[in-house]
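# Analysis of the macromolecular model
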Amino acid sequence: MPHPNDPSLRSFINNDPASDFPIQNLPYGVFSTAANPTPRVGVAIGDYVLDLWELEQDSRLDVGPLGVFSGPSLNPFMALGPKVWAKTRARISELLRADHPELRDNEELRKQALVPMRDARLHLPFAVSGYTDFYSSKEHATNVGVMFRGKDNALQPNWLHMPIAYNGRASTVVVSGTKVKRPRGQLKPPNVDVPSFGPCKRLDFELEMGVVVGQPSPMGGMLSEQQAEEMIFGFVLLNDWSARDIQQWEYVPLGPFLAKAFATSISPWVVTREALEPFRLNGPEQEPVPLDYLRQGKPQNYDVELDVSLRAAGANAPASISRTNFKYMYWSSVQQLMHHASSGCAMNVGDLLGSGTISGPAKNQRGSLLEISWNGTEPVELPGGAKRSFLEDGDSLVMRGWCQGNGYRVGFGEVEGTILAAE
């Protein structure tokens with residue numbers, strides 16, 4: 001049987017070469033429909049969602065205990081481990097192949113199991129056990145450091161020795177399309193003596209990728225490179241909304257808190273690590289060489305093109321404001337996971353690791369408005385004459401990501417959020 005990543009594979013479901021969801025992708029998500037409002041697990045294929053619970057009930061998929069795909073999250077399936085993930089993806093690929101008649105020629109089953117994407121409501125794809133946000137783009141960390149500490153002290157002394165992170169809030173991770181209320185908090189601009197409480201005035205986005213942890217690790221243990229890699233189920237697009245003015249006042253001495261706790265948006269489709277395998281590459285050279293527990297023996301970065309577009313409130317169309325790539329990350333997702341567990345911290349099924357803001361070396365590759373507008377001193381000009389230093393009420397932000405193959409692309413769909421006024 002051909003491997004699911006084989007670029008020559010074709011599905012009996014017609015698929016545009018520019019579609020995010022060819023047969024080589026097969027990302028997992030959770031969906032419901034008006035006809036069947038119970039959330040269950042599906043796979044994106046072209047303009048359809050393949051209902052895995054229907055296939056499981058029809059004995060076309062055997063992943064273990066019946067009902068793995070009947071619930072509102074991927075966690076029970078992820079808990080079954082990498083061998084089951086690979087076997088299941090291979091079976092789904094087989095069922096969708098153009099040269100395989102089992103589903104192709106079963107009109108009744110096709111009608112039950114293939115749901116037009118336009119009819120599907122997409123939900124948060126997994127139950128988020130814990131959320132950790134890293135700070136692993138050297139370009140982003142340098143830009144922020146230059147802004148606030150000067151060129152000669154841009155990177156803190158520890159940054160080149162370990163992946164820096166803080167523990168975020170799993171309770172406010174939301175799926176794409178969820179509207180985001182402008183947060184409130186303590187504000188103290190440098191030119192005033194005492195803080196006040198009110199709506200954030202410097203609301204920002206952060207372009208990130210999210211790692212979805214599919215296997216646990218024991219408290220007190222450590223992870224090898226191979227163990228960490230095998231624990232990663234897949235990746236999502238992630239927008240870690242940020243209240244820059246709240247953060248500026250609160251972050252000393254313990255780091256971000258409420259400025260990052262009000263909302264984190266993720267895309268509804270989890271692209272598996274296996275689907276990204278053809279796009280694996282080496283990351284930037286790490287100097288100094290990391291300590292032994294963080295060293296990698298093979299490439300652990302991925303060539304994922306990323307685009308951010310902003311539609312200003314009242315505008316008819318969005319405009320692209322950033323175009324960068326996941327490959328620029330200094331610390332890889334595997335290194336982040338190895339470091340996270342290195343103290344003995346237990347990892348759980350459903351943990352989410354944010355990569356940190358992804359910025360590239362060019363000006364048009366900056367992954368936040370803080371950088372794009374250089375802390376408000378260089379506002380972004382948008383079609384129709386609008387300008388933005390930070391996000392305003394009614395603004396809508398969309399992030400997209402994809403890996404470009406030969407004649408196909410493995411895409412993530414999008415993560416969108418619209419800003420509502422504070423109450």
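Criteria and cut-off values
- Residues numbered from 1 in each chain as written.
- Predicted model: local features only at pLDDT ≥ 70, side-chain atom pairs only at ≥ 80, totals over all residues.
- Heavy atoms only, no water.
- Helix = DSSP H or I, 4+ residues; strand = E, 2+ residues; numbered from the N terminus.
- Buried < 20%, exposed > 50% of the residue type's maximum accessible area, 1.4 Å probe, protein only.
- Polar contact = N/O pair within 3.5 Å; in protein donor to acceptor, adjacent residues only side chain to side chain.
- Contact = heavy atoms within 4.5 Å.
- Core = buried A, V, L, I, M, F, W, Y, C linked by side-chain atoms within 4.5 Å.
- Expected span 1.5 Å × (residues − 1).
- Phe/Tyr/Trp six-rings, centres within 6.5 Å; stacked < 30°, edge-to-face > 60°.
- Domains from an automatic or database assignment.
- Buried area = accessible area lost by both parts, 1.4 Å probe.
- UniProt positions renumbered as here; feature names shortened; annotations may be inferred.
- Pairing = 2+ DSSP bridges.
- Axes fitted to C-alpha atoms, helices over the stretch in contact; angles between N-to-C directions.

### A word on the side chain of R280
Within the secondary structure, R280 sits in strand β18 (residues 280–281). When its relative accessible area of 16% is taken as the criterion, R280 is described as buried. A distance of 2.8 Å separates the side chain of R280 from the backbone oxygen of P299, its partner in a polar contact. Among residues more than four places away in sequence, those in contact with R280 are E229, K298, P299, Q300, N301 and Y302.

### Things to note about the nonpolar core
In this structure, F205, M209, F235, I321, F326, L337 and L397 are the most contacted members of the largest nonpolar core, which totals 56 residues. Apart from residues lying up to four places away in sequence, M209 is in contact with F235, V236, L237, L238, V304, L306, F326, L353, G354, S355, I358 and F412.

### Focus on helix α3 (residues 82–96)
The terminal C-alpha atoms of α3 lie 21 Å apart, and with 15 residues this matches the ideal 21 Å at 1.5 Å per residue to within 8%. Within α3, burial applies to W85, T88, R89, A90, R91, I92, S93, E94, L95 and L96.

### So, the packing of aromatic side chains
Inspection of the entire model under this criterion finds 10 aromatic pairs. Their ring planes at 50 degrees and their centres at 5.1 Å tell us that F69 and F77 sit as a pair that is tilted. Note on accessibility: F69 and F77 belong to one class, buried. Ring geometry for Y330 against W331: centres 5.3 Å apart, planes inclined by 80 degrees, an arrangement best described as edge-to-face. By relative accessible area, Y330 is classed as buried at 3%. Overall, the relative accessible area of 1% leaves W331 in the buried class.

### With respect to the domain arrangement of the protein
Interfaces are frequently sized by the accessible area removed from exposure as the parts join. According to the domain assignment, the protein consists of domain 1 (28–123) and domain 2 (130–420). In this structure, domain 1 and domain 2 have C-alpha centres spaced 30 Å apart. On the domain 2 side, the residues contacting the 20 residues of domain 1 number 18 residues. Each partner contributes to the roughly 1,400 Å² buried at the junction of domain 1 and domain 2, and carbon and sulfur atoms together form 70% of this total.

### Here we look at the side chain of S137
Along the polypeptide, S137 turns up in the loop between β6 (131–134) and α6 (138–149). Contacts of S137, omitting those with residues within four sequence positions, involve W159, M329, T357, I358 and S359.

### Notes on the UniProt feature "domain: Fumarylacetoacetase N-terminal" (unreviewed entry) in the protein
Per the UniProt record, the feature "domain: Fumarylacetoacetase N-terminal" (unreviewed entry) sits at residues 24–125. Helix makes up 35% of residues 24–125 and strand 21%, and the two end C-alpha atoms of the span are 20 Å apart.

### Side note on the UniProt feature "domain: Fumarylacetoacetase-like C-terminal" (unreviewed entry) in the protein
Cross-referencing UniProt, the feature "domain: Fumarylacetoacetase-like C-terminal" (unreviewed entry) maps to residues 131–416 in the present numbering. As a span, residues 131–416 carries 15% helix and 30% strand, and end to end its C-alpha atoms are 19 Å apart.

### Concerning the pairing of strand β20 (residues 305–311)
A regular strand places its side chains so that they alternate between the two faces of the sheet. With respect to burial, β20 is a largely interior element, five of its seven residues being buried. The pairing of β20 with strand β21 (residues 319–325) spans six bridges and is classified as antiparallel. Pairing of E305 across the sheet is with N325, part of β21. Relative to strand β25 (residues 396–404), β20 is paired through seven bridges, and the arrangement is antiparallel. Paired with E305 across the two strands is W402, which belongs to β25.

### A few points about α6
Along its 12 residues, α6 runs 15 Å from first to last C-alpha, staying within 8% of the 16 Å computed at 1.5 Å per residue. In this fold, the buried residues of α6 make contact with α11 (369–372). Following α6 by one or two positions, G150 adopts a phi angle in the positive range, close to 95 degrees.

### Some thoughts on the sheet that holds strand β2 (residues 40–45)
Here five strands make up an open sheet; going across it, the order is β4-β3-β2-β1-β5 and the pairing antiparallel. Looking at the sheet topology across the chains shown, the edges are occupied by β4 (114–116) and β5 (121–123). Shown here is a sheet whose adjacent strand axes are inclined to one another by a mean of 50 degrees, direction ignored. In the sheet, strand β3 (residues 48–51) pairs with β4 via three bridges, with the strands oriented antiparallel. Its bridge partner lying in β4, V49 is registered against V115. Packed onto the sheet, α3 meets β1 (28–32), β2 and β3 and runs at close to 65 degrees relative to β1.

### So, the sheet that holds β21
With mixed pairing, five strands are arranged side by side in an open sheet as β9-β26-β25-β20-β21. Either end of the sheet is taken by a strand with one partner, and the two such strands are β9 (180–181) and β21. The pairing of β9 with strand β26 (residues 409–420) spans two bridges and is classified as parallel. Counterpart to K181 in the pairing with β26 is L420.

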